[in-house]
Amino acid sequence: MLRINLLPSYIYEKKTKVAHVAAALLLMLVVLGGCLAWALAASGTKAAAQKRLDAANSFQSQYTDIDTQINTVKTQVAAIQAKQDFISGSQTYNTSWPVAIDAVAEDVPPYILLNSLNVSAADHHVVTLSGFGQHEMDLARWWIALRNDTFKFTNVFITLPEHPYPAGGTQAGGAGGFGFGAGMMGGKRGGMMGGPPGMMGPGGPGMGMMGPGGPGMGMMGPGMGMGGGGFGNARNTGTATASEVQGRKGYDFTATLMLVDKLAPPTTAPTWTGVPAPSTAGSSATGMGGMGMGMMGGPPGMMGGPPMMGGPSGAPGAMPPAGGSGAGD
Amino acid sequence: MINKAQKWHIWLISGIASLIIFLVVFFVAIKPANDDAASLASQAAGIEGTGGTQEAVVQHQGDLRKAKSDAVKAKVDWQVNSVKYMPQLPFSKSDKPGDLINIYEFRSVDGKPGFKSVPTVWGTWITNWYKAQHKDGVDLAPGTSFPIPAYSSDPNQLSDISYLTFPSAATSWNVAVYCKTFSDALAHLKRFNSMRDHGMPVIDNISLTGHSPDLLLTYSLRLYVIPGQMPPAQDPRIQLSSGSAGGGRGMGGMGMGMMGGPPGMMGGPPGMMGPGGPPAGMMGPGGPRGKRGAPSGAGGMAGLK
């Protein structure tokens, strides 16, 4: 049997329209609810951010308070701290000199006779040595040894003799059997800087020539040895010159070594300039006058005779131990 | 009217209404809240970066503890070092401006009368300090001395002292000593930090020349004295005039130093560099040194600050 709907269509459409209206309203409610939920979440995020900001402000306030306390403590102790820093810096500075010199001296072999040792006043890294070696190969051997001692030195240069052709008269004779044994400076390590010349080593006549002094030394005022510091472009220049010590032929050489940081003294000598204090106009003007005086006094003296001018120029054996001509007279 | 509306009319109206609801809620509530939250978070992050966190506070509390302990250590260290290095100058807490003449003229400094004796006391002491090292193989080179400029004879200028530098504020002693051995020279250099009661020594520009037993060690030396007690203020009753008088004296000192310096520095002990010299076999200790030049910066108030 066939079922036939004889009701008019608007009756059916009315029923379905109500359902559609309900669904559409539901949709709007869902959208509204979603939006409200999102708004609530955003509000929660904002509240959390506000809370975080409040906490940060609180912590920062504490931090600032602590900072103020730290600054107060530091301010209270600043004057004493500066004094103590000066003392400890001075102690370190004073101690560093023998350390640096000792580091170099340890590496001077018995067959090298040192005449001078200067630590550069400019940077305290460059050590300038002058001395005498009997054989060119001794100098080369020593150079290699110094170069390989990377724990102490970063740059090493030693002057060597030139070898022109035809050979000039500058070659040392190379007399054998000569051993300084003692070397220059006084017997600390294995005779490296050994005892008085003439006492050490088998060298015979002429050892007395190692005595210091001689005319013209007066030119070398204290501080003159500071000149050998520069480690610039000119470091790989110069040659060892033929020389003779105690009747033995050899070479006068110069050497420059650059100390590693841990061995070099701090670059700047510590000074104390006091803590600024309130003073009257008259008294402060007086103080300035005093300072200016000394500042101008010193430097010109530094320009005095070039380093090492005195010694080598004295003719060995020819000069009696007579007076030097001090320029400062 | 609804009876006439088609289904698509219903959904269209619903969709538009939903969209309007979304837009209104979004722009009225959601977006401002999100913007505010982002702004607050940004501010918080900035503050957190500058100590606004608990970790930073805890760490800074550690810094505070360290600062306090450093301060205590500095005080203790300074106390120890000031006792070790710094002398008792003739100043006391109870001094008044009226005491300046007494301090300058009469109050004892190491048994000598008055602050005026300070150059003599220090010069004598440092000379003796060197002489005492003769037994350690160290002797002053002939010509080496320790000149110290006199202080101003105006007691009021004592008030300007906050520290003393010997020999003066901008010069140092150029010292030359003969050492018997290399070890003696090193020991001598190491001895400076054990000086007592006469200021903190600072040595510089070390140079070693010659051979044992006449190894010549040269260097510059300064002594810094930081008084524990400052002098009293100026006494207006012994002041010629205010301000300008002091300035005039200061300028005078400056002029003196400029002229005084060069000769002193040029001199110095000769014989430093002497590997040449005596005849073979003579072993002479070297010739007499040239005369030392006039002390640089002599006179005036160079060391006074």
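As the structure is a computational prediction, the values presented were derived from the model and not from experiment.

The rules we used
Residues numbered from 1 in each chain as written. Chains lettered and ligands numbered in written order. Predicted model: local features only at pLDDT ≥ 70, side-chain atom pairs only at ≥ 80, totals over all residues. Heavy atoms only, no water. Helix = DSSP H or I, 4+ residues; strand = E, 2+ residues; numbered from the N terminus. Buried < 20%, exposed > 50% of the residue type's maximum accessible area, 1.4 Å probe, protein only. Contact = heavy atoms within 4.5 Å. Areas by Shrake-Rupley, 256 points an atom, 1.4 Å probe, with all protein chains shown as cover. pLDDT = per-residue confidence, 0-100. Pairing = 2+ DSSP bridges. Phe/Tyr/Trp six-rings, centres within 6.5 Å; stacked < 30°, edge-to-face > 60°. Lys NZ or Arg CZ within 6 Å of the ring centre and 35° of its normal.

Caption draft 1: Molecular detail of the overall build of chain A. Helices and strands together make up the secondary structure of chain A, namely five helices and five strands. Put simply, chain A has 329 residues, and 43% of those count as buried. Sequence-distant contacts in chain A: of pairs separated by 6 or more residues, those separated by 24 or more amount to 73%. If you sum the accessible surface of chain A, you get close to 16,000 Å²; carbon and sulfur atoms cover 63% of it.

Caption draft 2: Inspection of the confidence of the model for chain B at higher detail. Residues and elements named next belong to chain B. Residues of chain B with pLDDT of at least 70 account for 77%, and the chain-wide mean is 79. Ranking the helices and strands of chain B by mean pLDDT puts strand β5 (residues 173-179) first, with 95, and helix α6 (residues 244-266) last, with 36. Taken as a whole, residues 242-305 scores under 50 in pLDDT and shows 237 contacts with residues more than four places along the chain or in a different chain.

Caption draft 3: Spotlight on the pairing of strand β4 (residues 241-245) of chain A. Residue and element names in this part refer to chain A. The pairing of β4 with strand β5 (residues 248-259) spans five bridges and is classified as antiparallel. Bridge pairing links S243 to G250 in β5. From the end of β4 to the start of β5, which pair antiparallel, there are two residues, and Q246 there has a positive phi angle of about 55 degrees.

Caption draft 4: Summary view of the packing of aromatic side chains. On inspection of all chains with the given rule, the structure shows 17 aromatic pairs over all chains. Centroid distance F22 of chain B to F26 of chain B: 5.8 Å. Interplanar angle 20 degrees. Geometry classified as stacked. Of this pair, F22 of chain B and F26 of chain B both sit in helix α1 (residues 7-49), separated by four residues, roughly a single helical turn. Measuring from centroid to centroid gives 5.0 Å for W122 of chain B and F166 of chain B, while their planes differ by 15 degrees, and the two rings are stacked. One end of the pair, W122 of chain B, is in helix α4 (residues 118-131); the other, F166 of chain B, is in strand β4 (residues 164-166), with 44 residues separating them in the sequence. On the basis of relative accessibility, which here comes to 0%, the residue F166 of chain B falls in the buried class. A network of ring pairs unites the aromatic residues W129, Y130, F146, W173, F192 and Y219 of chain B as a single cluster. The aromatic ring of Y111 of chain A is capped on one face by R141 of chain A, whose charged end is 5.9 Å from the ring centroid.

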